[in-house]
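Geometric and topological summary
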Amino acid sequence: MAWDFSTDPEFEEKLKWMRGFVRDEIIPLETLDLDRATFARITAPMKEQVREQGLWAAHLPPELGGGGFGQVALGLMHEILGRCRYAPGIFGNQAPDSGNAELLAIGGSAEQKERWMHPLLRGELRSCFSMTEPGAGADPTMLATRAVRDGDEYVIDGHKWFSSNATGSDFLIVMVVTDPDAPPYQRASMIVVPTDTPGVEVVRDIPVMDHPEIGGEIYGGHAEVVYRGVRVPVENLVGNPGDGFKLAQQRLGPGRIHHAMRWLGQSQRAFDMLCERAVSRTASGSRLADKQMVQDMIAQSAADMAAARLLTLHAAWTMDQVGASNARVEIGMIKYWGARVLHDVIDRAIQVHGSLGFSGDLPLEQMYRAARAARIYDGPDEVHKESVARRILRGYTPVDVPTEHVPTRTEAARAKFAQYLDAATADA
């Protein structure tokens, strides 16, 4: 089957508008020290412009207020949004809200969509995805947070951390164990918990490399949350009991493609800085651009980014054709390859800039700190590599003699072409 990443001219005009809008209107915000209220006032008219272009919450179908774009088109959009950390939120695609809206769209009841999803899409509410625990990260089958049914309510007890945006959220979607005796991937469920429910304690925002100083993040940090006897109605269950892992995969699959394309946008920005520095800076009598080691950095970065872009668009195209569940190898590969490319390109850009790249006078140092997390969130590289290798190896069977064993192949070839070989011998 031929791959097709093409888009129609009308959509290309949308992408052109996005490039200019992100460059001219959103990126300048990076240099300002804004509180959330001021940021909201500045970006409100920007969000209206995005809506007027039909690009708000583009990851959702039209009936839910989105653009109904396929994954290839969404990937190309996220490549542009990735150039600035503020852009996804201004386009209604900011995690965790975007993923939570998708999750409710997939598994939510009509009441849940009305109460939580639609206000979330309108920007009236903010949300959190509360899954990771101190004792359960890469292996979610080790989750310990419990939800026990008591009449018409679930009672939740547990300890979560790295619950992104919990501090500023109106509600949390919490991954909990509802049936500890079920098979491992049918034990967990997802439940909507209003953040002001008694028993919910947002303990702190955890200092991380990306933003070590707590309190300055416009979109919220990564919180530690404790649930003590938290009671919510049974109606807050998303989907059916035991659907937690299935819903998580449906949420995370498209998200990984969007992450990978945003990483490409960020990589391209670092690459542009690298190349600009190379042609501008002179050292030891010649431009950096004329030095072979710098040329190697530029050539390697260009090849790495091209490979990542093709891998990601192919994963997006595969999802559009056969769905996320049949594109797990492709999605897994872009997660670990894209994260590596992001880190390496930024690292090379810093190296070429020297002390300037290490300083806060350029955005590279912040980009570098943020890039390190890409190899951890949504599953660490090692888990994805293991999963990809395991799935690939399913297509192979063990043999006693290697398929390409030359002596065995020679014997088989002699038998296959015996009449010709015998004739040649007789004519000799």
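About the thresholds
Residues numbered from 1 in each chain as written. Predicted model: local features only at pLDDT ≥ 70, side-chain atom pairs only at ≥ 80, totals over all residues. Heavy atoms only, no water. Helix = DSSP H or I, 4+ residues; strand = E, 2+ residues; numbered from the N terminus. Expected span 1.5 Å × (residues − 1). Buried < 20%, exposed > 50% of the residue type's maximum accessible area, 1.4 Å probe, protein only. Salt bridge = Lys/Arg side-chain N within 4 Å of Asp/Glu carboxyl O. Core = buried A, V, L, I, M, F, W, Y, C linked by side-chain atoms within 4.5 Å. Contact = heavy atoms within 4.5 Å.

Overview of helix α9 (residues 328–353)
In this model, α9 (26 residues) spans 38 Å end to end at C-alpha, consistent with the 38 Å of a helix rising 1.5 Å per residue. Within α9, 19 of the 26 residues are buried, which leaves it mostly tucked inside the rest of the structure. Within two residues after α9, Gly-354 carries a phi angle of roughly 65 degrees, on the positive side.

Overview of the pattern of salt bridges
Tallying each qualifying case throughout the model produces 19 salt bridges. A salt bridge links Arg-269 to Glu-30, with the nearest nitrogen and oxygen atoms 2.7 Å apart. With a gap of 239 residues between them, Arg-269 in helix α7 (residues 244–280) and Glu-30 in the loop between α1 (9–26) and α2 (36–52) connect regions that are remote in the sequence. Of the residues examined, Arg-269 reaches a relative accessible area of 13% and is grouped as buried.

Some thoughts on unusual backbone geometry
In this structure, the amide linkage connecting Ala-95 to the following residue, Pro-96, adopts the cis form with an omega of 5 degrees. For Pro-96, the position within the fold is in the loop between α4 (87–90) and α5 (97–107). Its identity is not glycine, yet Ala-57 carries a phi of approximately 45 degrees, on the positive side. Here Ala-57 is to be found in the loop between α2 and α3 (71–81).

Describing the nonpolar core
Counting residues in hydrophobic clusters, the biggest one holds 90 residues, and the most contacted among them are Val-22, Ile-26, Ile-90, Phe-91, Met-190 and Leu-364. In terms of residues, this core owes the most to one element, α7, which gives 13 residues. Ignoring anything within four residues of it in the chain, the contact list for Val-22 reads Ile-27, Ile-80, Leu-81, Arg-83, Cys-84, Ala-87 and Phe-91. Grouped together as the second largest cluster of nonpolar side chains are 18 residues, Ala-147, Ile-156, Val-232 and Leu-237 included.

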